[in-house]
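Survey of secondary and tertiary structure
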Amino acid sequence: MELIGAFLTGIVGPILYLIIDKHLQRKKDKQKDVVKDTIKNTMIVEDELESIREEFNSDRAWISQFHNGGNFYPTGKSIQKFSIFYEVAKKGVSSISHTFNNIPCSLYPKAFDHMLNDDQKGIFIPDYNDPKVATWGLKGAAESVGTKSSYLIPLFTLDGKY
C-alpha cells in the first residue's frame, strides 16, 4: 500500500500536474488576442518615434528592420533585405514606408558598413546637396522621396546583433 502511495505521489502526481498545466496554458493562449497585442506594442513604438521626431523637429522618423527576403537562384542562399516597419510623419508630410519595402541590403553597403564597423556610429547628412558631405550612397534614395537631410542611428540587439 505504501508503495502505491509513493508511486502516486512521486510519479503520477507530477505527470498529472504537467498535463493539466499544459492544458490550461493552451486555453490561455487561445484566449489571447494577437492582433490586439500587436497594436498595443506598435502604439508604444509609434509614441516613442513621435517623441523623437518632435525632439529633432524632423518631418519623419522611422525604424527599418532587416529580414530574409527570399533566396538567390541557384545557390539557395538567403537574400538579406530591409523594410521600414514603423514610421511617423509630420502632418502634411507623406509616408515613405511603402517606398522602402523589401530593399536588398546590397544596394547600400557603404552606409551599413559604416554604421556596423565605425564604432557603431550613426550617419548625419546635414545637406544632401553639399558636395563636401559624405552621403554613403544614400543620396539617390533621399532625393527620390524629397529628403534634404538625414540622421541614421543603428540599433543593436542586447547581444550586439545589428
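In this report, the structure presented in the accompanying data block is examined. Note that the structure is a prediction, hence the values are computed from the model and not measured.

Tracing the chain through its elements places histidine 114 in helix H3 (residues 109–117). Among the residues examined, histidine 114 registers a relative accessible area of 15% and is labelled buried. With sequence-adjacent residues up to four places away left out, histidine 114 is seen in contact with Lys121, Gly122, Ile123 and Trp136.

The set of residues buried in H3 consists of Ala111, Phe112, His114 and Met115. All buried residues of H3 lie within an arc of 160 degrees about the axis, which places them on one face of the element. Counted as exposed and oriented over 90 degrees from the buried face of H3: Lys110 and Asn117. Residues of H3 that are buried sit in contact with strand S1 (60–71), strand S2 (78–89), strand S4 (123–125) and strand S5 (150–152). A positive backbone phi angle near 55 degrees is found at aspartate 119, which sits one or two residues after H3.

What follows concerns the sheet that holds S1. Strand pairing in a sheet relies on backbone hydrogen bonds. The paired strands run either parallel or antiparallel. Within the open sheet, the three strands sit side by side as S1-S2-S3. Their pairing is antiparallel. Every other strand in the sheet has two partners, leaving S1 and strand S3 (103–104) as the edge strands with one partner each. With ten bridges joining them, S1 and S2 adopt antiparallel strand pairing. Note that in S2 the partner of histidine 67 across the bridge is lysine 81.

In this structure, the hairpin formed by S1 and S2 is closed by a connection of six residues, where glycine 76 is found at a positive phi of approximately 80 degrees. Pairing geometry for S2 and S3, over two bridges, is antiparallel. Bridge pairing in S3 places phenylalanine 82 opposite isoleucine 103.

What counts, and where the lines are drawn
- Residues numbered from 1 in each chain as written.
- Predicted model: local features only at pLDDT ≥ 70, side-chain atom pairs only at ≥ 80, totals over all residues.
- Heavy atoms only, no water.
- Helix = DSSP H or I, 4+ residues; strand = E, 2+ residues; numbered from the N terminus.
- Buried < 20%, exposed > 50% of the residue type's maximum accessible area, 1.4 Å probe, protein only.
- Contact = heavy atoms within 4.5 Å.
- Arc of directions from axis to C-beta.
- Pairing = 2+ DSSP bridges.

These results come straight from atomic positions and should not be treated as a statement about function.
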